[in-house]
Amino acid sequence: NTLVGAVSGAIPPVIGWVAAAGPHNLRPGILRWDLFLQPQALFLFTLLFLWQLPHFLAINWMYREEYIRGGFVMWSNDDLSGQKTARLAIGWTLPLLPLCLWPGLAGFASPWFALPSLLATGWLLKLCVVFYKTGARPDARKLFFATLIYLPVMLIALLIAAH
């Protein structure tokens, strides 16, 4: 359910990008489906999809008892130490590192976008590793709050670097 939720969470911003990027002289009811496959749309989808996973994993582990009481089968249900959840968070954060290079390589942003995005992603990864080592609720909480800062930092950097 977490992966499906990440897909459904990543799609609406991409729809907004397609609506804003598409030509405005089309007849009503015509959608430019090709815009969904543009590098910018694919980057946005991938960023939002991957970002949601460590974000939600931190929430899921902190509130795993509530999810269990509610009858939800989640990744963190049987993870008392936090190590399984932190490994998953690390695994979903690592692909964000090469993603930082995509806008510059694809030519829709300045190559300098890589610097702030790699720093932000490295910080997020560091917090995942700290949570893995400690398995402490305060470290899961720090990871969660870091994800709240991470996404706006990435999007603002992209906006500034965009061509």
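Residues numbered from 1 in each chain as written. Predicted model: local features only at pLDDT ≥ 70, side-chain atom pairs only at ≥ 80, totals over all residues. Heavy atoms only, no water.

A. Main features of the overall build of the protein chain. A tally of helices and strands in the protein chain yields eight helices and zero strands. Starting at the N terminus and walking to the C terminus, you meet the elements of the protein chain as α-α-α-α-α-α-α-α. Projected onto its principal axes, the C-alpha positions of the protein chain cover 55 × 35 × 20 Å. Taken across its 163 residues, the protein chain has 41% of its residues classed as buried. Considering only residue pairs separated by 6 or more positions, the protein chain has 67% of its internal contacts joining residues 24 or more positions apart. (Helix = DSSP H or I, 4+ residues; strand = E, 2+ residues; numbered from the N terminus. Buried < 20%, exposed > 50% of the residue type's maximum accessible area, 1.4 Å probe, protein only. Contact = heavy atoms within 4.5 Å.)

B. Region of the structure containing the pattern of salt bridges. Within the structure shown, the criterion is met by four salt bridges. Between arginine 64 and glutamate 65 there is a salt bridge whose closest N-O contact spans 3.7 Å. When its relative accessible area of 37% is taken as the criterion, glutamate 65 is described as partly exposed. (Salt bridge = Lys/Arg side-chain N within 4 Å of Asp/Glu carboxyl O.)

In short, geometric facts, not functional conclusions.
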